[in-house]
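The residues making up each chain are set out below.
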2 protein chains.
Amino acid sequence: MTQVLCVGAAVLDFVFHLDTLPDRAEKYGTETAEVVGGGCAGNAAVAVARLGGHAVLGARLGCDAVGDIILGDLAQEGVDVAHVTRNPGAASSYSSVLIDKRGERQIVNFRGKGLVLETGWFAGLDGLAAVLADTRQVAAARDALALARSRDIPGVLDGEAPIDPALMALASHLAFSMQGLRSFYPQAPVADALADIARRYGAWACVTDGPSGVWFTTPDGVAHVPAFPVETIDTLAAGDIWHGAFTLALAERMGEPQAIRFANAAAALKCTTFGGRKGCPTRGAVLQYLAEN
Amino acid sequence: MTQVLCVGAAVLDFVFHLDTLPDRAEKYGTETAEVVGGGCAGNAAVAVARLGGHAVLGARLGCDAVGDIILGDLAQEGVDVAHVTRNPGAASSYSSVLIDKRGERQIVNFRGKGLVLETGWFAGLDGLAAVLADTRQVAAARDALALARSRDIPGVLDGEAPIDPALMALASHLAFSMQGLRSFYPQAPVADALADIARRYGAWACVTDGPSGVWFTTPDGVAHVPAFPVETIDTLAAGDIWHGAFTLALAERMGEPQAIRFANAAAALKCTTFGGRKGCPTRGAVLQYLAEN
C-alpha cells in the first residue's frame, strides 16, 4: 500500500443540530447531535485509508478520555496511529460545532493544553511516498516537509491561514484554501495571486474553493478545474478529505491535474453524505464516480 | 454507610471559557476548557458519596464512548454505578457549555437518543434510607418516589420545571428551584406559593434561590434560612449538590432545618471552587465550615 504521512491536528467534534444558532445566554436543547472525529490531519488520514492508502498519522493527544476516543476512532478507520504522541497530563483538543437548518456553523475550538508533537520517528519511516502537513503545528509540519524534500517525494502543505512562510518554502505542493490564499493576497485576482506565490516559493500551487472548483499552476499559467456538481448535504471535513485524496494520488504518481480530479470526486461524494469524515467515500466509489462523470 | 438512591440525568459537559459568548456563525478558539460530568442525578450522587454516604445511581446511558466517560468518572468518585442502564445502540446525553468572563452561560444540550431507564432493580435495594429524583425521567422518578413512599423513607423531588404533578403527589419532600416554583406560581409571593403547593400535595416543601437562601414550610408557616456568604467562583452543579446533601442529611435522620443548613454549607463551599461537581466538598470540610460559621 502507498504510504502517506499526515501531520497535524486530530480532534473531536461535538456536533449539535439546531433550528437556529443560539444568540443568548440561555439553555438550548436538541434531539440531534453526534460525536465525530475531526482535525485536518485526522480527516485527511481517514481519507487516505478509505481510498486505499496506508495513512501514517503524526498528531498529538493527551492521555485523556477525549484522546482515547479520537485514537480509537482513527484506529477503527484503519489509520496507522502507532506513532501518535500521547502527552501525560495534557488535554486533547475538541470542539463544539453548532449547525443550524441552513447549514450555518458556529464552532468553538479548545486547542488543547500541554500537547507536544514528537517527530523523531519520522526518519524511521521506510517506503514513504508522500507527506501532507497542515499549518497548525508548525514545528512538526516543518520536520515533515523537510523529510519529504530530503527524500524527493511530494510534500503537500494544506494552506489554511495563519500560514508560516517557512512551511511554504519547504513544500513541493502548496494547496491553499481560498481563505489561506486571501490571507496573503486580499485583493488580487486568484490566478495572479496563485502564480505569484508559486513563483516566490518555487512550488506548484493550487487553491480549492468548494463548489467553485480548483485553480492550479501549470508551466503555461493558471488552469481551472470545475468541481463536480453534487447536492450538498454536509461540507464538514470535505476540504481535509480533498487534501488527503490529492496527496495519496500524488504518492501514487498521478499527475497534478489527474490528482485534482481524483480529489474533487472524493470531496464531492463526501458532500453528499452526512457526518463529517464518516461520509468519506471508498476508493471504489470514487473510481466508479469518475468513470461515470 | 447511609444508602441514598439518586434517579435521573447523568450527562457530560464540555465546558469552554471565552471572553464573550459567540454571536455569529464563525469559528472561535479558546485555551481554556474542560470535560466535566454533569446531570442532576449524577451531580447529586457525587455529593452523597463525597459527603460520606453510599450513593446508588439510577440513570441511563448509551453503550458509547460518552457513556464510558460518564460512568468511569462517577465510579472514580465512589458512586455505585452497578445498576446504571446501558442501552445498546443508544446515544448518551452531553452538552456544550460556553461561559464568558462574567460567568454568563450558554448551554446546548443533546438529550440523548434511544435511552430507557430500567427500574426493576429498585425493589431489590436493601437498606435504602432515602430517595432523590429529578424531573427529567418521569417514569423512573415515579417508580423511585413510589418506592420511598412504600418504605416510609424520605422521597425528595428536585423540582425543576417542567414538573409532572404526578411526581409531586408521590414525594415526601418537594425541593423546588425558584424557576420550578415560578412555573406554577409566576406572580405570588414566595411564602404563599410554597405554603399553597405544600398543602395541595401534602408534602414538606422548600425553594432554593442561590445566594438568597432557602424558604421552607413549617407547621407554623414558611421560614427562611439565609445562604452562607461566600465568594462565588463557579455555581455549576451547586443546586444539584445541594439536593444530594439535603437528601443524605434526611437519610441520616437530621431534621429539615438542620438538613438545609448542611446542604447550604455544601453548596456554598462548592461555589468557592471551580469545575462543576469536582468542586463538591468532603464531609469533613462541610462539618468544619459549619462549626466555624
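So, a few notes on the structure that sits alongside this text. Small disclaimer: the values here were computed from a predicted structure and weren't measured.

### Re the overall build of chain A
In step 1: Secondary structure assignment for chain A yields nine helices and 15 strands.
In step 2: Relative to the 2.2 N^0.38 estimate, which gives 19 Å for 293 residues, the radius of gyration of chain A is 18 Å and therefore close to what a compact globule would have.
In step 3: Once the C-alpha set of chain A is aligned to its principal axes, its extents read approximately 55 × 40 × 40 Å.
In step 4: In chain A, 63% of the contacts between residues at least 6 apart in sequence involve partners at least 24 apart.
In step 5: Surface exposure of chain A reaches about 11500 Å², of which carbon and sulfur atoms provide 52%.
In step 6: If you average the places of the 23 positive and of the 31 negative side-chain charges in chain A, the two averages end up 2 Å apart.

### Description of the relation of the copies chain A and chain B
In step 1: Least-squares fitting of chain A to chain B yields an RMSD of 0.0 Å, with the transformation described by 0.0 Å of translation along the axis and a rotation of 180 degrees. On this basis, the relationship between the two copies can be described by a two-fold rotation axis. The position closest to the rotation axis in chain A is occupied by the C-alpha of Asp23(A), lying 2.6 Å away.
In step 2: The share of interface residues of chain A whose copies in chain B are also at the interface is 100%, consistent with both copies meeting through the same surface.

### Quick look at the side chain of Ser93(A)
All names here are of chain A.
In step 1: Relative to the helices and strands, serine 93 is located in the loop between β7 (85-87) and β8 (94-99).
In step 2: Given a relative accessible area of 8%, serine 93 falls into the buried group.
In step 3: Reaching out from serine 93, the side chain makes a polar contact with the backbone oxygen of phenylalanine 110 at a distance of 2.6 Å.
In step 4: Once residues lying within four places of it in the same chain are set aside, the contact partners of serine 93 are Val11, Leu12, Val66, Ile70, Asn109, Phe110, Arg111, Gly112 and Leu115.

### Remarks on the nonpolar core
In step 1: Among the nonpolar cores identified, the biggest contains 136 residues, and Leu57(A) and Leu57(B) are the most heavily contacted of them.
In step 2: Residue contacts for Leu57(B): discarding those within four places in its chain leaves Cys6(B), Ala10(B), Ala41(B), Gly42(B), Ala45(B), Leu74(B), Val79(B), Asp80(B), His83(B), Val84(B) and Trp121(B).

### Observations regarding unusual backbone geometry
In step 1: In this structure, the amide linkage connecting Ala161(A) to the following residue, Pro162(A), adopts the cis form with an omega of 0 degrees.
In step 2: Checked against the element boundaries, Pro162(A) lands in the loop between β11 (155-159) and α4 (165-170).
In step 3: Phi at Arg253(A) is positive, roughly 70 degrees, even though this residue is not glycine.
In step 4: Position of Arg253(A) relative to the elements: it lies in the loop between α7 (238-251) and α8 (256-271).
In step 5: Even without being a glycine, Asp152(B) presents a positive backbone phi close to 60 degrees.

### Some points on empty space enclosed by the protein
In step 1: Evaluated as defined, the whole model comprises one cavity of 30 Å³ or more.
In step 2: Here the largest cavity is characterised by a volume of approximately 40 Å³.
In step 3: The residue makeup of the lining of the largest cavity, split by class, is five nonpolar, two polar and two charged.

### Description of the sheet that holds strand β14 (residues 214-218) of chain A
Residues and elements named next belong to chain A.
In step 1: The strand order β5-β1-β10-β11-β12-β13-β14-β15 describes an open sheet built from eight strands, whose pairing is mixed. On the outer flanks of this sheet lie β5 (54-58) and β15 (221-225), each paired with one strand and no other. Along the sheet, successive strands turn relative to each other by an average axial angle of 20 degrees, direction set aside.
In step 2: Inspection of the sheet shows strand β1 (residues 3-7) paired to β5 by five bridges, in the parallel sense. Looking across to β5, one finds that glutamine 3 is bridged to histidine 54.

### Things to note about the sheet that holds strand β9 (residues 105-110) of chain B
In step 1: Strand order in the open sheet formed by five strands is β3(A)-β9(B)-β8(B)-β2(B)-β4(B), with mixed pairing between adjacent strands. Each edge of the open sheet is held by one strand with a lone partner, namely β3 (27-30) of chain A together with β4 (33-38) of chain B. Between one strand and the next, the sheet's axes are offset by a mean angle of 20 degrees, whatever the strand orientation.
In step 2: As defined by bridge partners, strand β2 (residues 11-17) of chain B adjoins strand β8 (residues 94-99) of chain B across six bridges and the pair is classed as parallel. The residue bridging Leu12(B) from the neighbouring strand is Tyr94(B), located in β8(B).
In step 3: Most of the contacts of helix α2 (residues 65-76) of chain B go to β2(B), to which it runs at about 95 degrees, and overall it touches β2, β4 and β8 of chain B.

### Observations regarding the packing of aromatic side chains
In step 1: Following the criterion strictly, the structure yields 19 aromatic pairs over all chains and no others.
In step 2: Between the aromatic rings of Trp121(A) and Phe122(A), the centroid separation amounts to 4.7 Å while the plane-to-plane angle is 85 degrees, which identifies the pairing as edge-to-face.

### Quick look at helix α1 (residues 40-50) of chain B
Residues and elements named next belong to chain B.
In step 1: The buried count for α1 comes to 10 of 11 residues, which makes it a mostly enclosed element.
In step 2: Buried within α1 we find Cys40, Ala41, Gly42, Asn43, Ala44, Ala45, Val46, Ala47, Val48 and Ala49.
In step 3: Once α1 ends, the next one or two residues include glycine 52, with phi positive near 100 degrees.

### Observations regarding the environment of Ala263(B)
Residues and elements named next belong to chain B.
In step 1: Structurally, alanine 263 can be placed in helix α8 (residues 256-271).
In step 2: It is 27 Å that separates the C-alpha atoms of alanine 263 and threonine 119, two residues lying 144 residues apart in sequence.
In step 3: If we ignore the near neighbours within four places in the chain, the residues touching alanine 263 are Trp242, Ala245 and Phe246.

### Observations concerning the interface of chain A and chain B
In step 1: Between chain A and chain B, the residue contacts involve 37 residues of the former and 37 residues of the latter.
In step 2: Both sides together, the interface formed by chain A and chain B hides about 2900 Å², and carbon and sulfur atoms give 60% of it.
In step 3: Its largest share of buried area at the contact with chain B, chain A owes to Glu31(A), Tyr94(A) and Val108(A), together 18% of the area lost on that side.
In step 4: Applying the counting rule to chain A against chain B returns two salt bridges.
In step 5: When the shortest N-O distance is used, the salt bridge between Arg111(B) and Glu31(A) registers 2.7 Å.
In step 6: Our enumeration of links across chain A and chain B arrives at 19 residue pairs in polar contact (both at pLDDT 80 or more).
In step 7: Of all the secondary structure elements, the ones that give two or more residues to the side of chain A that touches chain B are β2 (11-17), β3, β4 (33-38), α2 (65-76), β8 and β9 (105-110) of chain A.
In step 8: Of the residues contributing to the side of chain A that touches chain B, the split by class is 18 nonpolar, eight polar and 11 charged.
In step 9: Of the pairings in the sheet, the one linking β3(A) to β9(B) comprises four bridges and is parallel in character. In the strand pairing of β9(B), Lys27(A) is matched with Ile107(B).

Conventions and cut-offs
- Residues numbered from 1 in each chain as written.
- Chains lettered and ligands numbered in written order.
- Predicted model: local features only at pLDDT ≥ 70, side-chain atom pairs only at ≥ 80, totals over all residues.
- Heavy atoms only, no water.
- Helix = DSSP H or I, 4+ residues; strand = E, 2+ residues; numbered from the N terminus.
- Rg over C-alpha atoms; globule rule 2.2 N^0.38 Å.
- Contact = heavy atoms within 4.5 Å.
- Areas by Shrake-Rupley, 256 points an atom, 1.4 Å probe, with all protein chains shown as cover.
- Lys, Arg positive; Asp, Glu negative; His and termini not counted.
- Charge placed at Lys NZ, Arg CZ, Asp CG, Glu CD.
- Least-squares fit on C-alpha atoms with pLDDT ≥ 70 in both.
- Buried < 20%, exposed > 50% of the residue type's maximum accessible area, 1.4 Å probe, protein only.
- Polar contact = N/O pair within 3.5 Å; in protein donor to acceptor, adjacent residues only side chain to side chain.
- Core = buried A, V, L, I, M, F, W, Y, C linked by side-chain atoms within 4.5 Å.
- 1 Å grid on protein atoms, 1.4 Å probe; cavity = no way out; pocket = protein on both sides within 12 Å on 5 of 7 lines; lining within 4 Å.
- Points joined across faces, edges and corners; volume = space filled by probe spheres on them.
- Nonpolar A, V, L, I, M, F, W, Y, C, P; charged D, E, K, R; others polar.
- Pairing = 2+ DSSP bridges.
- Axes fitted to C-alpha atoms, helices over the stretch in contact; angles between N-to-C directions.
- Phe/Tyr/Trp six-rings, centres within 6.5 Å; stacked < 30°, edge-to-face > 60°.
- Buried area = accessible area lost by both parts, 1.4 Å probe.
- Salt bridge = Lys/Arg side-chain N within 4 Å of Asp/Glu carboxyl O.

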